[in-house]
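# Commentary on secondary and tertiary structure
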Amino acid sequence: MDDFTKPAEELSEEAIEYINLRIERLKLRTARDISTVLGRFLGIFVMVMAGMTALMAASFGCVLIIGEAIGSYAGGAFIMAGVIAAVVAVLFCFRKKLFRNTFIRLFIKIFYDNEKLR
C-alpha cells in the first residue's frame, strides 16, 4: 500500500518545488525590472542635474553680456528670467507629450517588450 501513495507524495513535493521555483523566478524578474527602472531614473537625474548646471552657467554669462550691452546687470537678469520663464511655459504646455508619454513608453518597453526574452 505504501507504493500506491508514493507517487502522490512525489507529486505534491514536485508541485511545492515548482511553486517555489516560480516564486524565485518572479523575485528575480522583479529585481531586474526595478534595477532597470532605477538605473534609468538615476541616469536621467544625473543628466538633468548636469543640464541645469550648464543652463545656470550659460544664463549667468548671458546676464553679463546683456547687462553690459544695455548698461544694467539687473536689466540683463530680468531679460534672462523672462527668456527662461518663456521656455518653462513652452515645456509646461507640452509636458504630456514630452514627459508623460515618454515615461509610459519607457515602462511599457521595460516591462512588456522583454516578455519574449524571458
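Residues numbered from 1 in each chain as written. Predicted model: local features only at pLDDT ≥ 70, side-chain atom pairs only at ≥ 80, totals over all residues. Heavy atoms only, no water.

## Some details on the overall build of the protein chain
Cut-off, in case you're wondering: Going along the chain from the N terminus, every DSSP run of H or I of four or more residues is numbered as a helix, and every run of E of two or more is numbered as a strand. Using a 1.4 Å probe on the protein chains alone, a residue whose accessible area is under 20% of its type maximum counts as buried, one over 50% counts as exposed, and one in between counts as partly exposed. With residues, only the protein chains shown are counted as cover, and all accessible areas are computed by Shrake-Rupley using a 1.4 Å probe.
The helix and strand inventory of the protein chain stands at three helices and zero strands. Counting from the amino terminus, the protein chain carries its helices and strands in the arrangement α-α-α. Within the span of the protein chain, comprising 118 residues, buried residues form 8% of the whole. Summing over all exposed atoms, the protein chain offers an accessible surface of approximately 9900 Å²; the carbon and sulfur share of this is 73%.

## Digging into the UniProt feature "transmembrane region" (unreviewed entry) in the protein chain
As a reminder, the rule being used: UniProt positions are given in the numbering used here, feature names are shortened, and annotations may be inferred rather than shown by experiment.
Mapped onto this structure's residue numbering, the UniProt feature "transmembrane region" (unreviewed entry) falls at residues 37-67 and 73-94. Between the C-alpha atoms that bound residues 37-67 the distance is 44 Å, and the span itself is 100% helix and 0% strand. Here residues 73-94 is 95% helix and 0% strand, with 32 Å between the C-alpha atoms at its ends.

## Regarding a nonpolar patch on the surface
As a reminder of what qualifies: Without a salt bridge and with relative accessible area above 30%, a residue can belong to a patch; like charges are then joined within 9 Å and nonpolar side chains (Val, Leu, Ile, Met, Phe, Trp, Tyr) within 5 Å. Note on definitions: salt bridges are taken to be side-chain nitrogens of Lys or Arg within 4 Å of carboxyl oxygens of Asp or Glu.
Among the surface-exposed residues, I70, I79, V83, V87, V90, L91, F94, L98 and F99 lie close enough to one another that they form a single nonpolar patch of about 780 Å² accessible area. Contributions of two or more residues to the nonpolar patch are made by α2 (73-93) and α3 (95-112). Top element by residues in the nonpolar patch is α2. It accounts for five residues. Residue placement: F99 occurs in helix α3.

## Things to note about the pattern of salt bridges
A full pass over the atoms with the stated rule returns two salt bridges. K27 is the salt-bridge partner of E24, the closest N and O atoms lying 3.6 Å from each other. Taken together, the residues E24 and K27, both in helix α1 (residues 2-70) and three residues apart, mark about one turn of the helix. The residue R32 makes a salt bridge to D33 at a minimum N-O spacing of 3.6 Å.

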